[in-house]
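The residues making up each chain are set out below.
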Amino acid sequence: MICPYCKKPAEFMSSVDFYGHDYKTNLYVCLPCDARVGTHGRGKTPLGTMANSNLRSLRKECHRRFDVRWKTGKVSRSKAYQQLAEMMNLPSEKAHIGMFDKVQCTKLLSLIPKERNYMSNLAAMAQKLLAEGFDPKTSPVDNYEKLPEGIYDVVLSDVKWVVNENSGSERLQLDLDILNDGFENRKHLGMIFFSEKMMERALKQTMKCAAVLDIDLDPTVFGSPETDLVEAFKEALGVQCEMEIKHQKNSDFVNFSLSEPEA
Ligand SMILES: [Zn+2]
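Residues numbered from 1 in each chain as written. Predicted model: local features only at pLDDT ≥ 70, side-chain atom pairs only at ≥ 80, totals over all residues. Heavy atoms only, no water.

Q: So, the sheet that holds strand 4 (residues 150–163): which residues are in play, and what are the values?
A: In spatial order, the strands read 6-5-4-7-8; together these five strands make up an open sheet with antiparallel pairing. Strands with a single pairing partner mark the edges of an open sheet, and in this sheet they are strand 6 (187–193) and strand 8 (254–259). The mean inter-strand angle of the sheet, taken between neighbouring strand axes irrespective of direction, is 45°. Judged from the nine bridges that link them, strand 4 and strand 5 (residues 170–178) form a sheet pairing that is antiparallel. Residue pairing across strands places valine 155 opposite aspartate 177, the latter belonging to strand 5. Sheet strands in contact with helix 7 (residues 225–234) are strand 4 and strand 5, and its direction is about 150° off that of strand 4. (Pairing = 2+ DSSP bridges. Helix = DSSP H or I, 4+ residues; strand = E, 2+ residues; numbered from the N terminus. Axes fitted to C-alpha atoms, helices over the stretch in contact; angles between N-to-C directions. Contact = heavy atoms within 4.5 Å.)

Okay, structure coming up:
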């Protein structure tokens, strides 16, 4: 292999000789140019073309931005590489970042701006909103306007165990569709927070809700709330009951409690 910078033959050496550590590969190295390329395993076939430090960091950044596309599972790896070939206007056998030169790396970086990563966060955020009950047809953009205090007829429409990765808080969430006139398409997300301080209260509240919904709650379901407790509540999907809403002082949070409808 000829060093593309100084046009002199590169040295072939093992990773042990070069790094002092066995990465189970070999390398072609030009020490004066600080240029190198690794091989497939312990063979002689290079992974791409030789790169100096500047090109190596450009390729690294290219990988960082490009790999997101298939590593997040949005598209398959082969589909992502097919897209790469199209974007770069290259035949598929040349569409490998390890073969890119400086100009090609710069082109790819301009085609996949950093924001792409941000966009994939947005995609995750959008999925989270939907998972948490945001209904694009009916939910307001701003947080739910507080439901006025009072008693509502509701139907249990969904049950979730929600773990907030940021705060570490966990909650049981009962989606309660409101049936009263004037509240069409409104639902109340009845949240029971299982925080350390309020564990006992949360247990009591959960058991009370279950009783109202006619669920025979075995205490062992609290051992695996994310599956067993949710399963138990799902038995009551479609069950109607009454919900009382009380506002909390100095807080946007509303308390909810369920009761059996009066006959
Ligand atoms: Zn060289």
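Following the structure, the description resumes.
Q: Tell me what's going on with the confidence of the model for the chain, and back it up with residues and numbers.
A: Mean pLDDT over the chain stands at 88; residues scoring 70 or higher make up 93%. Across the interface, the model reports ipTM at 0.99; the global pTM reads 0.47. (pLDDT = per-residue confidence, 0-100.)

Q: I'd love a proper account of helix 6 (residues 199–212), names of residues and values included.
A: With 14 residues, helix 6 ought to run about 20 Å at 1.5 Å a step, and its terminal C-alpha atoms sit 20 Å apart, in line with that. Taken as a whole, helix 6 has its buried residues at Ala202, Gln205, Thr206, Cys209, Ala210 and Val212. Here the buried residues of helix 6 occupy an arc of 160° about the axis, which is enough to place them on one side. Along helix 6, the residues that are exposed and aim more than 90 degrees away from the buried face are Glu200, Lys204 and Lys208. Among the structural elements, strand 5, strand 6, helix 7, strand 7 (240–247) and strand 8 are those in contact with the buried residues of helix 6. Aspartate 214 sits one or two positions beyond helix 6 and adopts a positive phi of about 65°. (Expected span 1.5 Å × (residues − 1). Buried < 20%, exposed > 50% of the residue type's maximum accessible area, 1.4 Å probe, protein only. Arc of directions from axis to C-beta.)

Q: So what's going on with the coordination of the zinc ion? Which residues, and what values?
A: Those donors, Cys3 (SG), Cys6 (SG), Cys30 (SG) and Cys33 (SG), are the protein atoms that reach the zinc ion, and they lie 2.2 to 2.3 Å from it. Relative to the metal, the four donor atoms surrounding the zinc ion lie at angles of 106 to 113°, and the coordination shape comes out tetrahedral. Between consecutive donors of the zinc ion, the numbers of intervening residues give the motif C-x2-C-x23-C-x2-C. With cysteine 3 in the segment before strand 1 (11–14) and cysteine 33 in the loop between strand 2 (26–30) and strand 3 (35–38), this pair connects stretches of sequence that are 30 residues apart. (Donors = N, O, S within 2.8 Å, 3.2 Å for Na, K, Ca; no water. Tetrahedral: all angles 85-135°; square planar, octahedral: opposite > 155°, others 65-115°.)

Q: Could you give an account of the nonpolar core, with specific residues and numbers?
A: If you look at the biggest cluster of nonpolar residues, it comprises 32 residues, and the most contacted ones within it are Leu172, Leu174, Leu217, Phe233, Met243, Phe256 and Leu258. Of all the elements in the fold, those that place two or more residues in this core are strand 4, strand 5, helix 6, helix 7, strand 7 and strand 8. Per element, the largest residue contribution to this core is five residues, and it comes from strand 4. (Core = buried A, V, L, I, M, F, W, Y, C linked by side-chain atoms within 4.5 Å.)

Q: Can you explain the side chain of threonine 206? Please cite residues and give values.
A: Note that threonine 206 resides in helix 6. Residue classification places threonine 206 among the buried positions, given a relative accessible area of 0%. Reaching out from threonine 206, the side chain makes a polar contact with the backbone oxygen of alanine 202 at a distance of 2.7 Å. Excluding residues within four positions of it along the chain, threonine 206 makes contact with Leu172, Ile192, Phe194, Leu217, Phe222, Leu229 and Phe233. (Polar contact = N/O pair within 3.5 Å; in protein donor to acceptor, adjacent residues only side chain to side chain.)

Q: Let's hear about the environment of aspartate 175: which residues, and what values?
A: Structurally, aspartate 175 is set in strand 5. Separated by 15 residues in the primary sequence, aspartate 175 and glycine 190 place their C-alpha atoms 6.1 Å from one another. Excluding residues that lie within four positions of it along the chain, aspartate 175 makes contacts with Val155, Leu156, Ser157, Asp158, Lys160, Lys187, His188 and Leu189. Within the local environment of aspartate 175, its side chain forms a polar contact with the side chain of lysine 160, the two groups lying 3.2 Å apart.

Q: Hey, could you go over the pattern of salt bridges for me, with residue numbers and the actual values?
A: By the definition in use, this model includes 10 salt bridges. Between aspartate 34 and arginine 56 there is a salt bridge, with its nearest N and O atoms 3.3 Å apart. Taken together, the positions of aspartate 34 in the loop between strand 2 and strand 3 and arginine 56 in helix 2 (residues 53–71) put the pair 22 residues apart, joining distant regions of the chain. Residue classification places arginine 56 among the partly exposed positions, given a relative accessible area of 23%. Put simply, aspartate 175 and lysine 160 hold a salt bridge, and the shortest N to O gap is 3.2 Å. Here the residue aspartate 175 occupies a position in strand 5, and lysine 160 occupies one in strand 4, the gap between them amounting to 15 residues. Lysine 160 carries the same exposure label as aspartate 175, and that label is buried. Where salt bridges share partners, they join Asp158, Lys160, Asp175 and Lys187 into one cluster. (Salt bridge = Lys/Arg side-chain N within 4 Å of Asp/Glu carboxyl O.)

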